[in-house]
Amino acid sequence: MTLDLGNLKAASTEPAKAQTAFLVVVDVDGSVSVSTDLNNPPAVERPASFTDIRTASYVVQEDIKAMQISALVQQKMMAVGQMVQQQMQTEALAKSLRI
């Protein structure tokens, strides 16, 4: 990974080639968001500092971890729900077979 803060001030006539890109935006209220829409860049008040980049990167990383954990919990809950449903069907079948 390279971190080149010098390119923030340099104006280039030709866009840099990249495989993919996204924006990490720190809003005026301090909230951090990620956008893949590069067609509508925000109006920026000032260039990003190293602290801005470090802080926003940490927030994005922690939010991604939270989303992954949430997805795992949801999968586990669905699996438990299916197991309970199967158990109820098995118990209903067992009751119906008792004479």
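In this report, we go over the structure that sits alongside the text. (Residues numbered from 1 in each chain as written. Predicted model: local features only at pLDDT ≥ 70, side-chain atom pairs only at ≥ 80, totals over all residues. Heavy atoms only, no water.)

1. Here we look at the overall build of the protein chain
This is how the line gets drawn: Where helices and strands are cited, they refer to DSSP runs of H or I of at least four residues and of E of at least two residues respectively, numbered from the N terminus. Only heavy atoms enter the contact rule, under which two residues are in contact if any of them lie within 4.5 Å. In short, Shrake-Rupley with a 1.4 Å probe defines the accessible areas, and a residue's cover is counted only from the protein chains shown.
Each helix and strand counted, the protein chain has one helix and two strands in total. Secondary structure of the protein chain in N-to-C order comes out as β-β-α. If you take every contact in the protein chain between residues at least 6 apart in sequence, the share linking residues at least 24 apart comes to 34%. Carbon and sulfur atoms make up 59% of the accessible area of the protein chain, which amounts to about 9,300 Å² in all.

2. So, the pairing of strand β2 (residues 32–35)
Which entries qualify depends on this criterion: DSSP bridges decide pairing: two strands pair if at least two such bridges lie between them.
Bridge count for strand β1 (residues 23–26) against β2 is four bridges, and the pairing is antiparallel. From the neighbouring strand, V24 faces β2, where its bridge partner is V34. A loop of five residues connects β1 with β2, the two strands running antiparallel in sequence, and G30 in this loop sits at a positive phi of about 95°.

3. Description of the pattern of salt bridges
Operational definition: A pair is scored as a salt bridge if a Lys or Arg side-chain nitrogen falls within 4 Å of a carboxyl oxygen belonging to Asp or Glu.
All told, the structure shown has two salt bridges when counted by the stated rule. Between R46 and D52 there is a salt bridge; the shortest N-O distance is 2.6 Å.

4. A few points about a nonpolar patch on the surface
Test applied: Like-charged residues are merged into a patch within 9 Å and nonpolar side chains (Val, Leu, Ile, Met, Phe, Trp, Tyr) within 5 Å, provided each residue has over 30% relative accessible area and no salt bridge. Only protein chains enter the accessibility calculation, which uses a 1.4 Å probe; a residue whose area is less than 20% of its type maximum is buried, one above 50% is exposed, and one in between is partly exposed.
Together, F22, V24 and V34 make up a nonpolar patch on the protein surface, roughly 270 Å² of accessible area in all. Relative to the assigned elements, V34 resides in strand β2. Judged by relative accessible area, which is 46%, V34 ranks as partly exposed.

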